[in-house]
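# Fold and geometry: a report
Spelled out from the first residue to the last, the chains are:
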Amino acid sequence: MTALGRPHPDVNPRRTFALVAGVERYEISHHWNLRGPARDALRFARWLTGPGQVPAANVRLLLSPLDDPDTLDWSASEGLAALRTSYRPATEANARTALLDELPGCDGDLLWIFWAGHGYLGRDRELMLPCADARRGQIRHLNLDSALRWWRTDLVGHRRFPLQAALVDACRVDAPRDSRWNFGSADYGGGRTVPGRRQFRLYASREGEAAQNDAERGAGRFTEALLGELGDRSVGEGAALLPDAARSIHLAFRGLRERGEGWQLPQFLVDRDWDANSFLDFPSFPADGPPSAPRLDQAGWDGLGELFEGRDLPRCAYEAYAWAFKAAGCTTPVDGGLPADTLLDVVADLDERQGGRTGMPLAVPFVHFLADRTARPGGGPEDPAWAAALARWVRATRERLALPALRPPPAPARKATLHVRLESPPGGEDGLLARMWLRGERTRHVWESEGSPVALAAVRAELVRRLAEGAPGAGQPPGGIGRIEFHVPYELLETDFDQWPVPRRGPGGRTRPLGTVHEVVVRCPQEREDTRTEWLDKWRWLHVQDGRHPDAVRIVEDADVTDALGLRLGAAPAPACVLGHVSGTRTAALLDALLEGGVPVAVWRRGGGTPAGGLPALLAPDAGPGAPAVFALPARVRDVRRAAAGQEPEGGDRLVLLWDDPDDTLDLRSLAT
């Protein structure tokens, strides 16, 4: 804790006002909810109205807690008990009313703004703080940067609030570019700037970083450190202390970072004290340097230059990037996707970040992962010679830099999949040629129609029999079959395979739709020959970006389905997934465009149409962090089918998922030979 100093001479507790907000519950989704901000806001209000000696009437408290407000601790001070009857929900209207209508009319020396909850950066880098009434398609929020600009103008009386402090315990990550994340525009305008007003801003994290929350204690790490600095000081002492407290908090978080316990680092937005002097110009304040793990030496860079020359990013590049942080004992950056589009640039990013408490440069486990995956069948793509060269580089670098041992990377996760291939007979006979193979740790053929066309009913019967073999001891992979992939001719893409009835477990002879028990997807690999380059490029790009890039998914509507749609879809690696909001009459044209453009993943409704709210709302109902990405679609579509089971067919049971993985296109011939 910083040593006690004298109170700020221009701060009177009775002339100090505050907006204090803690948002835990959001209307948009329960996945946005987080435990801690309401408690943090109450603790800051307790300091203001207790040791700070600020009258409760001067505090505007906005709370939207997860729990019943009556279960919160209001007993810490008389002022806090008084706020129990005057607090308001943390809605956008209440935030704007308090900050832009009520408080500017008060005659004060110092304004405090404390906000705890989610935070996002807009396109102009302004900090947007979502409010409790944030909804899908309309993220109601407080634009803090615009509000602080407003507070520096003559719309606040000239002699009022010469000192203003904003303390924010929230993330500062980029807001996703998606229609569900419509923040709109919230610029509050303002008048002429009043000279002499001082604003002190201290945020819990820098741009692009997430603010950490202690889930067990229900408290933000930043708020915990801030209140530890303020202690039992008066509001005047706390105001005078802020520059020193900011340095102390920064140093404490820098220590966490050096120990590999997090990347969050509080940031001073205005590095000036109340006298307008920089409080960073002190020799005791160290430069914001990276942790102390060694960087790559010149020999390491020379070796990587040779190994990476002419190499595209392999499909496992993002997995290698994320695993490198875990292997080095660090926290993985919050943003999904890679920081660059070449292997050397990715390593440069890792080398700049350096490692954690293990003393391991992040670049070494990254290359170690690449070597492991590209040595495995289906892991890379497989390239034993390159894998061996990468492994030699890792060994030589570890020996030269005296680095600790590296544990083996995790094996690629592979879901046991039953592949069902259907083809039209070359002679035009009725029925289909059918073949099944099972792919898990190894691939084996399980059934074939032996050159004689069969009806779909016969394929279904054989499929049910094969699934029944999933009982313990029946020779299936551990955990049974997770996914069923139908490789079909173009004209069968909309066949309702997911609705095929399969027996339920237990007595009674009842059935369930196949798509509610297993992930069911359709594929059309035989139509990919002419666009194989685009198909492979899109799939590789999807893996490199972890399936979460904002450009990965595109919604296509009837008006978009023109003769040029396939050319537009294939012009670049993005999009790699299409959500079809098209009518039944345009579905065939949409499918033509998907195949022409090399798009490997698509979702549409069988027979056309758009579900209520659109496919994004159905497939990613929780539009906050953790919303399903492209690689989560097979499981998500299965969940939607389960939710629709037993309901009217107007629901998600009409979804079709095209999932064409070019790395898993076995063509084990026979079929009609």
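Starting from 1, residues in each chain are numbered consecutively following that chain's sequence as written. Residue-level local features of this predicted model are given only where pLDDT is at least 70; pairs of side-chain atoms are given and counted only at 80 or more, and the full residue set underlies all totals for whole chains, interfaces and linings. Neither water nor hydrogens contribute to the side-chain values; these are computed over all heavy atoms in the structure.

## What about the overall build of the protein?
- Each helix and strand in the protein was counted, giving 18 helices and 23 strands.
- Each residue is placed in one exposure class: buried if its accessible area under a 1.4 Å probe, protein chains only, is under 20% of its type's maximum, exposed if it is over 50%, and partly exposed if it falls in between. The buried share of the protein, reckoned over its 673 residues, is 55%.
- Partitioning the intrachain contacts of the protein with sequence separation of at least 6 by distance along the chain shows that 75% fall at a separation of at least 24.
- Per-residue accessibility takes into account occlusion by the displayed protein chains alone, with areas from the Shrake-Rupley method and a 1.4 Å probe. For the protein, the accessible surface area stands at approximately 28,700 Å², while carbon and sulfur atoms represent 48% of it. Secondary structure elements follow DSSP: runs of H or I of four or more residues count as helices, runs of E of two or more count as strands, with numbering from the N terminus. Two residues qualify as a contact provided that any one of their heavy atoms is within 4.5 Å of a heavy atom in the partner residue.

## Remarks on the nonpolar core
- Think of a nonpolar core as a cluster: buried Ala, Val, Leu, Ile, Met, Phe, Trp, Tyr and Cys residues, connected wherever their side-chain atoms sit within 4.5 Å. Formed by 47 residues in total, the largest nonpolar core has its most connected members in Leu99, Ile113, Trp115, Leu129, Leu144 and Trp151.
- Every element with two or more residues in this core is listed here: strand S1 (16-23), helix H3 (92-102), strand S3 (110-116), strand S4 (120-121), strand S5 (127-130), helix H4 (144-151) and strand S7 (163-169).
- Ranked by the residues each element gives to this core, the list is headed by H4, at 5 residues.
- Setting aside its immediate chain neighbours within four residues, tryptophan 151 contacts Leu99, Leu100, Leu103, Pro104, Leu111, Val156, Phe161, Gln164, Arg197 and Gln199.
- With 42 residues, the next largest nonpolar core counts Leu438, Ile484, Val556 and Leu658 among its residues.

## Thoughts on the side chain of glutamate 519
- For glutamate 519, the location among the structural elements is in strand S19 (residues 519-523).
- Given the relative accessible area of 1%, glutamate 519 is considered buried.
- Any pair of N or O atoms that falls within 3.5 Å is considered a polar contact. Within protein, one atom must be able to donate a hydrogen and the other to accept it, and sequence-neighbouring residues count only if both atoms are side-chain atoms. Here arginine 483 takes part through its side chain, which lies 2.9 Å from a polar atom of the side chain of glutamate 519.

## Let's talk about helix H16 (residues 587-596)
- For H16, the full list of buried residues reads Thr587, Leu590, Leu591, Ala593, Leu594 and Leu595.
- Looking at the buried side of H16, the elements it contacts are strand S20 (553-557), helix H15 (565-569), strand S21 (577-581), strand S22 (601-605) and strand S23 (655-659).
- Note on H16: the residue one or two positions beyond its end, glycine 598, has a positive phi of about 75 degrees.

## Digging into the packing of aromatic side chains
- Centre distance within 6.5 Å is the pairing criterion for rings of Phe, Tyr and Trp, where only the six-membered ring of Trp is used; planes under 30 degrees apart are then read as stacked, over 60 as edge-to-face, and the remainder as tilted. Under the definition given, this model contains 21 aromatic pairs.
- Members of the aromatic cluster, connected to one another through ring pairs, are Phe17, Trp150, Trp151 and Phe161.
- Lying over the aromatic face of tryptophan 500, arginine 460 brings its terminal NZ or CZ to 5.5 Å of the ring centre. Here, over-ring charges are defined by two tests on the NZ atom of lysine or the CZ atom of arginine: distance to the ring centre within 6 Å, and angle to the ring normal within 35 degrees.

## As for the pattern of salt bridges
- Any carboxyl oxygen of Asp or Glu within 4 Å of a side-chain nitrogen of Lys or Arg constitutes a salt bridge here. For the structure shown, the criterion picks out 26 salt bridges.
- Notably, a salt bridge pairs arginine 135 with glutamate 27, separated by 2.8 Å at the nearest N-O pair. Taken together, the positions of arginine 135 in the loop between S5 and strand S6 (141-143) and glutamate 27 in the loop between S1 and helix H1 (37-49) put the pair 108 residues apart, joining distant regions of the chain.
- The exposure class of arginine 135 is partly exposed, given its relative accessible area of 40%.
- As a salt-bridge pair, glutamate 423 and arginine 421 come within 2.8 Å of each other at their nearest N and O atoms. Note on accessibility: glutamate 423 and arginine 421 belong to one class, buried.
- One salt-bridge network, in which partners are shared between bridges, spans Arg483, Glu485, Glu519, Arg523, Arg528 and Asp660.

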